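# Geometric and topological summary
Each chain, letter by letter, is given below.
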Amino acid sequence: MKVSAGVKKVGKWLLLLVVGWAIALGVQVVSEAAMPQPSQTQGSPPMVSVASGQRLYQNGRIEAALQIWQQVAARLDSSEKDQQAQVQGYLALAYHKLGQWEPAEDALLQALAIAQKPPVNQQILAKIYNIAGEINYNRGDYQGALDRWEAAAKTYTLAEDRVGEIGAQINQGKALQALGMYRRAQEILEKVRSPIENLSDRELQVAAWLNLGNTLRLTGNLEPSKEVLAKARTVAYQNNMNAQTQAAWLGLGNTMRAELTRQLSRSSSSVNNNFPQLENRQVQQVLIAYQQAVESCSPQKQSRDCPLWLQAQLNRLEVLLLLERTSSAVALLPTIQEHVAALPIASTGVYARIQLAEYINRLRAMDSQLQDLPNMRETAEILAVAVQQARQLGDRRAQSYALGRLAHLYEEKQQYSEARLLTEEALALASQVVGEDIAYQWEWQLGRIWQQLEKTERAIAAYREAVRTLNDLRGELVATNQDVQFSFRDRVEPVYRQLVDLLLRPENHPTQAELREALDTIESLQLAELDNFFREACLEVRPQKIDSVDPEAAVIYPIILPQRLEVVVSIPGQPLQHFATPIAAAEAEQTINRMRQSLRPNSFRSDREPVAREIYDWLVRPVEADLQQNQVQTLVFVLDGALRNIPMAALYDGQQYLLEKYAIALTPGLQLLVADAQTQVDARAIAAGISESTQGFSPLPAVEREISEISQQVSARTLLNRGFTKASLQKSIQENPSPIVHLATHGQFSSEPEQTFILTWEEKIQAKELEALLRSRFQPDTPPIDLLVLSACETAAGDKYAALGLAGLAVRSGARSTAATLWSVQDDSTARLMNKFYQELSQNQIAKAEALRRAQLFLMEEISHPFYWAPFVLVGNWL
């Protein structure tokens, strides 16, 4: 079926408009870009009615648009099948935007039923599939969204609409990313780049590039995002497309800022507090991009022809705040305030007011003495207008958000009664629109308010609801918006920690039930961190009791809180114990970092022992007697924060290292433990390594010896140097279901999955690729890998959360246990330790943690410095 030139022209206009609008708001560019376009036919209602609804919708006046489309739908009769399907598609999208899920679903089902009646208009059906995909996606049904967008792409092909097909494929990439199918997502997004290059219509080409560039950013592919958006900017500028040039500059600014935020997330607990530390050149590029977006339109056209002008100014203002350039930010405020005040009543205006109030509030918090800054009453009035306009629009989600932010203003003014009432109203509205992503914020806020009102039980109840909501959401926050991933420690992590803080306050004398709840909460936080690391939520959770796993093992949970370090200890057959050290989180982190530094190879005992003893006193000394009395043989640590970056083996009691007394293992939590261990070691392995220099990495001469000696201890298929490639490793894993996979090669653990990798001869295998590769052999009758060994990896320098990459890789590899190193050790000593480790495993049939302990003690006798023997850790099942 040929698509008429008129339909293509209208579709192009809407694609350009909506792509720009979505970029401005920082939202996903999905099926709105292919919203059904009514065509004028004899007997249809006047086009002006439908077109008026379109204009209202694009301006954020969703309720008004909905009313117009309802009137149009009421006037159509059964003979106007195509128009009925189109308008029902509009209604579904409008209801969906307003959070009215049931009417949206009803309208969508009607639209699909009508559109599928013969004769089928493929163009209309494809656009309705696209809308259906968006609705599925925004409700967290990513598989449903993928199915609908695949149907849309096929139907666009039948309609010979190449542009529509490209848009649907871009949407598929987003859904695949949300499902954790990163390779397929990357493949499909790369596949559409070539067809976009070949489009002859420059406006459509630029619109498609803008769509793709923003999708790449939202899926975490920042470098390709910059490349695509730069192309869009160049072509748009060369063809005098001012609005598209502006959209490209704004998209580039957003992507470059995401790069900076990602960089900060590796080294800082709070992005906002450390933005000024970035290189000035990098920051300047972001400001230039936003400034170019501002200057792409003349002042006279800012409101009418350049809808992104205000968003560019707001984004520019936020960067100035992050840089703590308060004087520049204050100077920019009047212009923004003037344009915000002149905005028509629309959802976009509501959110612009909320943003403006937020930034004013942050400026005031930075410097209460700033001149020419709206006072708190004036800021509250801005939010009150946002609430009123959201109510007029019938946009309950926007109303909830505005009320919640207004409540936060009252919270900061310590007017807790008013703050509570407004927060409860915002929460009620969020529940009406299935807005869990904002509901948890108000539940958290309510918990803080009740705490200030000294209503501890109510505060705990509110925090519980917030944690429950976050656990229900799991990966949705990170799957749909990568910016959330990099602000996890500001927006999500504190909710869990503050609940634990309340549950474990010594003055409250926590009960066993409260201690258990605290452990469950901290394990949920560990799970959320791993979801956040991989940007998906598909880790299998199996609650375990330590007694059933190992009656001779104790689990130690250190929990870093703002003003104290809590430790909860679980010993089989005994009540939970807890004790606390009064120390600020920042001071605790400094001590932990000092221990890490003290383990460098040229350090002295006088550097190492005092700090190792101090941390021993925090974590172990209070339960020493109980551990001995209960004949505990293994200590399992569920480590928190910076503690993950130091080896527990090197803790010192004043006479002995902890390793000399106990076997030691790490786990992100008993919920993630693969409890069924092998009863005896199956002495078969795949042993791969690189001893020569490749890809700029230094040689590891002793690796050849390491691989050779492992082959003498166990039956091994070996891959060395040029023989160790990604393809050869995958083939070996698929053809040889060996229980042990040993990789002796350079590697790195990082807080970013893209920077967590192992080196093969030809390329790096990233964490997600390694997971897929290790799991590629899994069949119903094939047991999982029992032991994965990474003998030459290290945590990324300067990345305080790097050990998260080790935990993430260990959990997601599918292996029962993972042995790895926290830092790169001299390869000759590593070879000796590994030889002893496999000797103990194969000859003595002992638990893996004990085998590693004996190997470390063996090396300790040769080289006493803990730099050489301490960094080897076992993650997962220790049996």
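Residues numbered from 1 in each chain as written. Predicted model: local features only at pLDDT ≥ 70, side-chain atom pairs only at ≥ 80, totals over all residues. Heavy atoms only, no water.

### Some remarks on helix H7 (residues 142–158)
Taking 1.5 Å per residue, 17 residues should reach 24 Å; H7 reaches 24 Å between its end C-alpha atoms and fits that length. Among the residues of H7, those classed as buried are Tyr-142, Gly-144, Ala-145, Leu-146, Trp-149, Ala-152, Ala-153, Thr-155 and Tyr-156. (Helix = DSSP H or I, 4+ residues; strand = E, 2+ residues; numbered from the N terminus. Expected span 1.5 Å × (residues − 1). Buried < 20%, exposed > 50% of the residue type's maximum accessible area, 1.4 Å probe, protein only.)

### Quick look at the environment of Gln-54
Along the chain, the position of Gln-54 falls in helix H2 (residues 47–58). In this structure the C-alpha to C-alpha distance between Gln-54 and Tyr-90, which are 36 residues apart in sequence, comes to 8.8 Å.

### Digging into the packing of helix H4 (residues 81–97) against helix H5 (residues 101–115)
One can describe the packing of H4 onto H5 by two numbers: an axis separation of 8 Å at closest approach and a directional angle of 160°. For the element pair H4 / H5, the angle class is roughly antiparallel. Handedness of the H4/H5 crossing: left-handed. Of H5, the residues touching H4 (which contributes Lys-81, Gln-84, Ala-85, Gln-88, Gly-89, Leu-91, Ala-92, Tyr-95 and His-96) are Trp-101, Pro-103, Ala-104, Ala-107, Leu-108, Gln-110, Ala-111, Ile-114 and Ala-115. Residue composition of the contact of H4 with H5, grouped by class: twelve nonpolar, five polar and one charged. (Axes fitted to C-alpha atoms, helices over the stretch in contact; angles between N-to-C directions. Parallel < 35°, antiparallel > 145°, perpendicular 65-115°, else oblique. Left-handed = near helix turned anticlockwise from the far one by under 90°. Contact = heavy atoms within 4.5 Å. Nonpolar A, V, L, I, M, F, W, Y, C, P; charged D, E, K, R; others polar.)

### Details of helix H21 (residues 416–432)
For H21, which comprises 17 residues, the first-to-last C-alpha distance of 24 Å matches the rise-based estimate of 24 Å (1.5 Å per residue) to within 8%. Among all positions of H21, only Tyr-416, Ala-419, Leu-422, Thr-423, Ala-426, Leu-427, Leu-429 and Ala-430 are buried. Looking straight down H21, one finds its buried side chains confined to an arc of 160°; they lie on one side. Residues Leu-421 and Ser-431 are exposed on H21 and point more than 90 degrees away from its buried face. Contact partners of the buried residues in H21: helix H20 (396–412) and helix H22 (436–452). (Arc of directions from axis to C-beta.)

### Let's talk about the sheet that holds strand S9 (residues 747–749)
The strand order across the open sheet formed by four strands is S11-S10-S9-S13, and the pairing between neighbours is mixed. Each having just a single partner strand, strand S11 (764–766) and strand S13 (793–795) make up the two edges of the open sheet. Adjacent strand axes in the sheet meet at a mean angle of 20°, parallel and antiparallel pairs treated alike. In this sheet, S13 lies alongside S9 in parallel orientation, the contact comprising three bridges. Counterpart to Gly-747 in the pairing with S13 is Cys-793. (Pairing = 2+ DSSP bridges.)

### Quick word on the packing of aromatic side chains
Tallied over the full model, the rule gives eleven aromatic pairs. Seen from their ring centres, Tyr-652 and Tyr-657 are 5.2 Å apart, and the 55° between their planes marks the pair as tilted. The same class applies to Tyr-652 as to Tyr-657, namely buried. Geometry around Phe-858 places Lys-836 over its ring, the cationic atom sitting 5.5 Å from the centre. (Phe/Tyr/Trp six-rings, centres within 6.5 Å; stacked < 30°, edge-to-face > 60°. Lys NZ or Arg CZ within 6 Å of the ring centre and 35° of its normal.)

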